[in-house]
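Survey of secondary and tertiary structure
Spelled out from the first residue to the last, the chains are:
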Amino acid sequence: MPSWYRMPVMNKPPIPLHNAIDIAALCRMDPCDESAVLGSFWLKSRKSFESKLVKAFKSCNPVGAYRPHISLLCQFYSELIIARAGTEFDWVVRVLGSQEMRAEPDRPQSALIDMVCARTSAVSPSEMFYRIGVRPPMRSVARLAGPDALKARLQYAAQDLFIRPKQIGGRALLIDDIANTGASMRIYAFALKEFAGVDRVFAINLAATRFLAGKDGRGLLKLDTGSLAAESLAEVWVDDRAFHIDQNCPAITGKAASEVRFVAERNHHPCPTCAVQKSSKRRWWQFGRTI
Ligand SMILES: [Zn+2]
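Since the model is a prediction, treat every value here as computed from it, not as a measurement.

Brief notes about the overall build of the protein
Each helix and strand in the protein was counted, giving eight helices and 12 strands. Sorting the 291 residues of the protein into buried and exposed places 50% on the buried side. Sequence-distant contacts in the protein: of pairs separated by 6 or more residues, those separated by 24 or more amount to 77%. Total accessible area on the protein stands at roughly 15,100 Å², and carbon and sulfur atoms take up 53% of it.

Focus: the sheet that holds strand S12 (residues 269-270)
Taken in spatial order, the four strands make up an open sheet running S11-S9-S10-S12, and their pairing is mixed. Whereas interior strands pair on both sides, the edge strands pair on one side only; in this sheet they are strand S11 (257-260) and S12. Looking at chain direction, strand S9 (residues 235-238) and S11 are connected through four bridges and run antiparallel. Paired with Val-238 across the bridge in S11 is Ala-257.

Examining the packing of aromatic side chains
Summed over the entire model, instances satisfying the criterion amount to six aromatic pairs. Relative to Phe-202, the ring of Phe-89 has its centre 6.2 Å away and its plane inclined at 90 degrees; by these criteria the two rings are edge-to-face. On the criterion of sequence distance, the pair formed by Phe-89 in the loop between helix H4 (69-85) and strand S4 (91-94) and Phe-202 in strand S8 (residues 200-209) is long-range, its members being 113 residues apart. In this pair, the class of Phe-89 matches that of Phe-202, namely buried. Both rings, one in Phe-190 and one in Phe-195, keep their centres 6.3 Å apart while their planes meet at 85 degrees; by these two values the pair is edge-to-face. Among the aromatic residues, those joined into a ring-pair cluster are Phe-57, Phe-76 and Tyr-77.

What counts and what doesn't
Residues numbered from 1 in each chain as written. Predicted model: local features only at pLDDT ≥ 70, side-chain atom pairs only at ≥ 80, totals over all residues. Heavy atoms only, no water. Helix = DSSP H or I, 4+ residues; strand = E, 2+ residues; numbered from the N terminus. Buried < 20%, exposed > 50% of the residue type's maximum accessible area, 1.4 Å probe, protein only. Contact = heavy atoms within 4.5 Å. Areas by Shrake-Rupley, 256 points an atom, 1.4 Å probe, with all protein chains shown as cover. Pairing = 2+ DSSP bridges. Phe/Tyr/Trp six-rings, centres within 6.5 Å; stacked < 30°, edge-to-face > 60°.

If you want it as structure tokens, here you go:
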């Protein structure tokens, strides 16, 4: 065989993962080599700022309408991801959102992995995972907790998911926003190892949904917001009338809820007592969006 000869690249057909995975085996064994969760997501919590922060992240869709705030938020999360997982990765892969058929570039999750890639030498393998149907969010169709939750979630997450098999090898950082049972991570990690030849998978979630008033085995799990310096990402307080910068503002009526400032500015008027003087006259969405 001449030295210039290369084997022709064989395009293998995509693999439907519901046929390829053994649900019982994935229940018993997590194929992720390491896992980490950055913080907690408390459903319906009024006071949990970190829950509002991850909700704000997910709501920045498409990202072009939320710059520069989504870029600052991605920067914040990417620093925490790298602090936890390191930089020794070849690939950064993300889990598809429930409304996505393929990884859409204008989603906040894509902006986040782009930033992680930019800060490491890793790259994102394109178009590896895709789905054939859009479906309702997982929490609306399956129980969140309980002994059968993981099995139900594995079946749900795999039902219409495909991988394009391609030997890429190396180490992968797998990123998802909010974890429930970890089922998606198990399926993606299994598929990366089985059909892409990936050696090691580090799975990281921005937050985990909390149950049982925190007695769910996850411990305290508090997001480190110490590096959250941007004013637009600061915590403010929202009541029926306005958003407040001062949590103890005398104008607050009833119970105020924690919120991320740029989300509050978009949806509420500034409080005349504590927010107007400290706010710019122009709202953030009136500034150029190309920053
Ligand atoms: Zn106020």
